[in-house]
Amino acid sequence: MNTSAIELREVPDSDLWLEIDSRIPFRISADRAGDMGPSGEPAPHRERVLKASGLDPARVLGVRQTHSTIVCDLRSGPPRLDSVEADGMIFDISRFAAGVTVADCMPVLLTVAESATAALLHSGWKGTGIVREAVDELVRITRSPASSISAILGPCICGRCYAVPAERAELFRRRFGEEAGFHRDGDSYIDLRAANVRLLEEADIARATVVRNCTVCDSRLGSYRRDGPAFRRMLAVAGPFGE
Ligand SMILES: [Zn+2]
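Residues numbered from 1 in each chain as written. Predicted model: local features only at pLDDT ≥ 70, side-chain atom pairs only at ≥ 80, totals over all residues. Heavy atoms only, no water.

With that settled, the discussion passes to the sheet that holds strand S13 (residues 181-184). Taken in spatial order, the three strands line up as S12-S14-S13 in an open sheet, and their pairing is antiparallel. Each edge of the open sheet carries a strand with a single partner, namely strand S12 (163-164) and S13. Note that S13 and strand S14 (residues 187-190) share four bridges and pair antiparallel. Along S14, the bridge assignment pairs His-183 with Ser-188. Packed onto the sheet, helix H3 (residues 166-176) meets S12, S13 and S14 and runs at close to 135° relative to S13. (Pairing = 2+ DSSP bridges. Helix = DSSP H or I, 4+ residues; strand = E, 2+ residues; numbered from the N terminus. Contact = heavy atoms within 4.5 Å. Axes fitted to C-alpha atoms, helices over the stretch in contact; angles between N-to-C directions.)

Below is the structure:
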């Protein structure tokens, strides 16, 4: 697997979004855009921000996120029920945008070469492993090999900022390798990027692009760890922007 690192870019003339990838496009709302949650239910502020950005909220797919490894298939459009509990969506990126709310957890976009079928995921520590579920599901649905899949790992809390109980670091080290769970100066840490890169390597996909920016270190981003109960959830959106 080819792995490269990128930095978030400012979007010209927008104080609402930061750009993860310009081709898709794949963007994340800035902390100053305000709280974009909760997931899976109506949120007037989120609707205002989406409309101001030329996006029809009814065509931005979302799910009620529960820190699971569940990936649902929304290729035929928005769910008919009020909400679907899942942390990943497979969707048609030529017809819809999809959004996940995050604040320290990692948004992940998987795309398939020569296909409009994509997956957008919310991957926190509890749901780490959802990338593997999504790769398997994309392979099954598109009948393309894993080697046709590319991943973009969006901004999240970095390993240096993510102190956790020792048992959790140990769990990550055992399951995802020594870079994903480690102990330093008496404290224990996990690294979501390292864990997901390991999982994607094992899945044998073509390439992973990893965003370097940390939600705690970069004040343009929202962070529960940094801001506590007053934190603001960001929305990571992939798919056609209206502007
Ligand atoms: Zn950090």
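Further notes follow.
The next thing to look at is the nonpolar core. Side chains that are nonpolar tend, in soluble globular proteins, to be buried together. Leu-110, Leu-121, Val-135, Leu-153, Leu-200 and Ile-205 are the most contacted members of the largest nonpolar core, which totals 40 residues. Listing elements by their share of this core, those giving two or more residues are strand S9 (106-112), strand S10 (117-123), helix H2 (130-142), strand S11 (149-153), H3, helix H4 (192-203) and strand S15 (207-211). Looking at which element gives the most residues to this core, the answer is H4, with seven residues. If we ignore the near neighbours within four places in the chain, the residues touching Ile-205 are Met-1, Val-135, Ala-146, Ser-147, Ile-149, Ser-150, Ala-151 and Leu-200. (Core = buried A, V, L, I, M, F, W, Y, C linked by side-chain atoms within 4.5 Å. Buried < 20%, exposed > 50% of the residue type's maximum accessible area, 1.4 Å probe, protein only.)

Two modes of strand pairing occur in sheets, parallel and antiparallel, and in both the strands are linked by backbone hydrogen bonds. Read from one edge to the other, the open sheet built from seven strands follows the order S1-S15-S11-S9-S10-S7-S6, with strand pairing classed as mixed. The open sheet has two edge strands with one neighbour each: strand S1 (2-6) and strand S6 (71-73). Looking at each pair of strands side by side, their axes are set apart by 20° on average, direction ignored. Sitting on the sheet, H2 touches S6, strand S7 (88-92), S9, S10 and S11, and the angle it makes with S10 is about 165°. Lying over the sheet, H4 contacts S1, S9, S10, S11 and S15, oriented at roughly 175° with respect to S11.

It is worth spelling out H2 at this point. Helical periodicity: at 3.6 residues per turn, an α-helix aligns residues three or four positions apart in one direction. Over its 13 residues, H2 extends 18 Å from the first C-alpha to the last, a length consistent with the 18 Å expected when each residue adds 1.5 Å. The complete set of buried residues in H2 reads Ile-130, Val-131, Ala-134, Val-135, Leu-138, Ile-141 and Thr-142. Projection of H2 onto a plane perpendicular to its axis shows the buried side chains occupying an angular sector of 135°, all on one side. Elements that come into contact with the buried residues of H2 comprise S6, S7, S9, S10, S11 and H4. Two residues or fewer after H2 comes Arg-143, characterised by a positive phi angle close to 55°. (Expected span 1.5 Å × (residues − 1). Arc of directions from axis to C-beta.)

Residue placement: Lys-126 occurs in the loop between S10 and H2. The exposure class of Lys-126 is exposed, given its relative accessible area of 56%. The spatial distance from the C-alpha of Lys-126 to the C-alpha of Arg-23 is 30 Å, given a sequence separation of 103 residues.

Joining two cysteines, a disulfide is a covalent bond between their sulfur atoms. Overall, the coordinates contain zero disulfides when judged by the stated rule. Not part of a disulfide, Cys-72 finds its nearest cysteine sulfur in Cys-105, a span of 17 Å. Given a relative accessible area of 12%, Cys-72 falls into the buried group. (Disulfide = S-S within 2.5 Å.)

The next point concerns the environment of Asp-191. With respect to the element layout, Asp-191 can be found in the loop between S14 and H4. Residue class for Asp-191 comes out buried when judged on its relative accessible area of 17%. Along the primary structure Asp-191 and Ile-90 are separated by 101 residues, whereas in three dimensions their C-alpha atoms are 25 Å apart. Ignoring sequence-local partners within four residues, the contact set of Asp-191 consists of Gly-159, Glu-179, Ala-180 and Phe-182. Engagement of the side chain of Asp-191 in a polar contact is seen with the backbone nitrogen of Arg-193, the distance being 3.0 Å. (Polar contact = N/O pair within 3.5 Å; in protein donor to acceptor, adjacent residues only side chain to side chain.)

Next up on the list: the coordination of the zinc ion. Protein-derived coordination of the zinc ion comes from Cys-158 (SG), Cys-161 (SG), Cys-214 (SG) and Cys-217 (SG), at a distance range of 2.3 to 2.4 Å. Seen from the zinc ion, its four donor atoms lie at angles of 98 to 129°, and the figure they make is tetrahedral. Summarised as a motif, the one-chain spacing of the donors to the zinc ion is C-x2-C-x52-C-x2-C. Taken as a pair, Cys-158 in the loop between S11 and S12 and Cys-217 in the loop between S15 and helix H5 (224-227) lie far apart in primary sequence, 59 residues in all. Under the relative-accessibility criterion, Cys-217 is labelled exposed at 51%. (Donors = N, O, S within 2.8 Å, 3.2 Å for Na, K, Ca; no water. Tetrahedral: all angles 85-135°; square planar, octahedral: opposite > 155°, others 65-115°.)

So, on to the side chain of Thr-142. Considering the arrangement of structural elements, one finds Thr-142 in helix H2. Separated by 2.7 Å, the side chain of Thr-142 and the backbone oxygen of Leu-138 make a polar contact. Excluding residues that lie within four positions of it along the chain, Thr-142 makes contacts with Val-112, Ser-115 and Thr-117.

Geometric values such as these leave the question of function open.
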